[in-house]
Amino acid sequence: MHTVTYMDFGWHNMKEIRNNIFYVGVNDHLIDLFEGQYVVENGMAYNSYVIMDKKIAIMDTVDKNFTHEWLDNIASVLNGKKPDYLIVQHMEPDHSANIKHFLDAYPKATVVGNDKTFNMMQNFFGDKIAPNRLVVKNNDTLNLGTHELTFVFAPMVHWPEVMVTYDSYAKTLFSADGFGKFGALDVDEEWDCEARRYYFGIVGKYGAQVQNLLKVAKTLDIEVICPLHGPILDKDLAHYINQYDTWSSYGIETDGVFIAYTSVYGNTKQAALELAEKLKEKGCPKVAISDLARSDMAENVEDAFRYGKIVLATTTYNAEIFPFMNEFINHLVERNYQNRTIGIIENGSWAPMAKKVILAKLEKCKNITYLENNLTIKSALTKENRETLDLMANELCKDYIAKNDNLANKHDLTALFKIGYGLYVITSNDGKKDNGFICNTVTQVTNNPNRVAVTINKDNYSHHIIKQTGLMNVNVLSVEAPFSVFEKFGFVSGRTKDKFEGEELSKSDNGLVYLDKYINSFMSLKVEQYLDLGTHGMFICSITESRVITDKETMTYSYYQDKVKPKPQTEGKKGYVCTVCGYIYDETDELPEDFVCPLCKHGASDFEKIK
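Attention in this report is confined to the structure presented alongside it. None of these values were measured; they are calculated from a predicted model.

## What about the overall build of the chain?
The helix and strand tally for the chain stands at 15 helices and 35 strands. Against the globule reference of 25 Å for 611 residues, the chain gives a C-alpha radius of gyration of 27 Å, in line with a compact fold. Expressed as lengths along the three principal axes of its C-alpha atoms, the size of the chain is roughly 80 × 70 × 45 Å. Counting across all 611 residues of the chain, residues that qualify as buried make up 55%. Restricting the contact set of the chain to residue pairs at least 6 apart, pairs at least 24 apart contribute 69%. For the chain, the exposed area adds up to about 27,400 Å²; of that, 47% sits on carbon and sulfur atoms.

See the structure below:
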């Protein structure tokens, strides 16, 4: 988990964040349930900010219970001056409740928002609210003097009117509810756990919308993130952005298995506990287990999205499933649960129905792989039941065994069977940092001895590294790989970017990285011969290590084009679209010959005119 340092944000000690941006938010230790359902033992922070410039802007208000404390905080920073703008990024009442009180105190201030903002404002306060208003459109700017603000719309992250604000002078992103977390600012606690619980509880359904916002964020030079809940983030931003990228793409954050169970008389619980012990014995790196009837539902949802594998263990109940399991699955489905492996343990003394009911409830979930070995108990565990639990554990741990240096078969040459016209991440090391790039030209050329050919464009930095070191790893991408993998390894150069920054890395015997996720196998190669092919170089290699991680299908180029690569939203737009990543250049003039895509860094030749 990632630790942040909390600071004293009391009204008597207004904190200047940077470049005349001040914190004027409040801590709430009276609240017990946030949004009426999420337990917040350490309270909440409602953040608000003041930008002091030739023109003064206030960023959002706070919860209704803290009107006077918030107005006092603002007055302390203003020191007799009057604000020019109140910028409303989000109309949820914990951030907008004090708009009227603010305007009573500062009636000449202009309220800044978009059309949807003011529609909601009327719903909350009536149509006479905010007579002085500035209605902005997506990417509009507001100059305060030295600070220039750009408004970026973020619909359904997590309300339709949401927008975020980028201050190009201070290189600061005011991220609305994005990058927020539960907990007041005067309590020290880990960021990841409470930010994860917050994200999947509140924003989790809208992963596609968050991904769209992250694409825009990648084009900005951001040094500070100021959310509406939780701490200001000004260090290790790559960690927080990577977490949001993983969460919003429904990726796997932590290797391991989450066992969620309900039990009436203890027999289903016993099966869950025994499976947990078997998983640990077989090398599962992390086993989380929860009694759904006796634990926080939001934490259970958080763990279901955190781990790549989950086992649902429950009893048949009134020809359905136990109520707490039913509620848990409903939470998953309504948050677009996907890209996971699921095992089922059902218990029923005379007519077990739980598995059938669970499968029906999960029909809407995408990319779910079900175990071949599932367990049906009729009352209490039998010897045969325990044998099935052992098979379940073997199936769940297959890839963990393959990634365990002591347990893995490091000469499993069936890895060669995974090679097709697929897509691969080739990893290497330049002596200072690890590198990786996307490749689609890996071929087995002989089988006695086994030789593999990898062809690489000479313009690629990895060509230079491998030519010098003679070593590489070929990571065979599976169909589970999300588009973010291709962005990470295909859209930037390893010469200027550390593609593994902030990650915990697994390495093979040759000292090179192999991917922990989204591959079905990898091979460590040693260069035996090099062929100069003009624009490309072909490396003929021997295999020093090869592991099969999973049985997932190899990602082919056609699968990537059809199922993974986002379809550019060109309807009603003019300009040019990047054929590599889908970025739209929507200027009315011709695309410059020297234009470089801000996302994937490909040139003008990879753009086509929108028809």
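## Considering the pattern of salt bridges
Inspection of every chain in the model, using the stated rule, returns 28 salt bridges. The salt bridge involving Lys100 is made with Asp104; its shortest N-O contact spans 3.4 Å. Taken together, the positions of Lys100 and Asp104, both in helix α3 (residues 99-105) and four residues apart, correspond to about one turn of that helix. In this structure, Glu194 and Arg197 form a salt bridge, with 2.9 Å as the shortest nitrogen-oxygen distance. Here Glu194 pairs with Arg197, and both are found in helix α5 (residues 191-203), just three residues apart, close to one helical turn. For Glu194, a relative accessible area of 16% corresponds to the buried category. Each member of the salt-bridge network shares a partner with another, and the members are Arg18, Lys171, Asp221 and Glu223.

## Describing the nonpolar core
Counting residues in each nonpolar core, the largest one holds 90 residues, and the members touching the most others are Phe34, Leu312 and Phe328. It is α5 that contributes the most residues to this core, seven residues altogether. Look past the residues within four positions of Leu312 in its chain and what remains in contact with it is Ala260, Met325, Phe328, Ile329, Ile342, Gly343, Ile344, Ile345, Ile358 and Leu362. Membership of the second largest hydrophobic core comes to 32 residues, among which are Val513, Tyr518, Leu599 and Ala604.

## Quick notes on the sheet that holds strand β34 (residues 584-585)
Read from one edge of the open sheet, three strands run β34-β33-β35, paired in antiparallel fashion. Among the strands making up the open sheet, the edge pair consists of β34 and β35 (607-609). As paired elements, strand β33 (residues 576-578) and β34 share two bridges and run antiparallel to each other. From the neighbouring strand, Tyr576 faces β34, where its bridge partner is Tyr585.

Definitions and cut-offs
- Residues numbered from 1 in each chain as written.
- Predicted model: local features only at pLDDT ≥ 70, side-chain atom pairs only at ≥ 80, totals over all residues.
- Heavy atoms only, no water.
- Helix = DSSP H or I, 4+ residues; strand = E, 2+ residues; numbered from the N terminus.
- Rg over C-alpha atoms; globule rule 2.2 N^0.38 Å.
- Buried < 20%, exposed > 50% of the residue type's maximum accessible area, 1.4 Å probe, protein only.
- Contact = heavy atoms within 4.5 Å.
- Areas by Shrake-Rupley, 256 points an atom, 1.4 Å probe, with all protein chains shown as cover.
- Salt bridge = Lys/Arg side-chain N within 4 Å of Asp/Glu carboxyl O.
- Core = buried A, V, L, I, M, F, W, Y, C linked by side-chain atoms within 4.5 Å.
- Pairing = 2+ DSSP bridges.

Coordinates in, geometry out; function isn't part of it.
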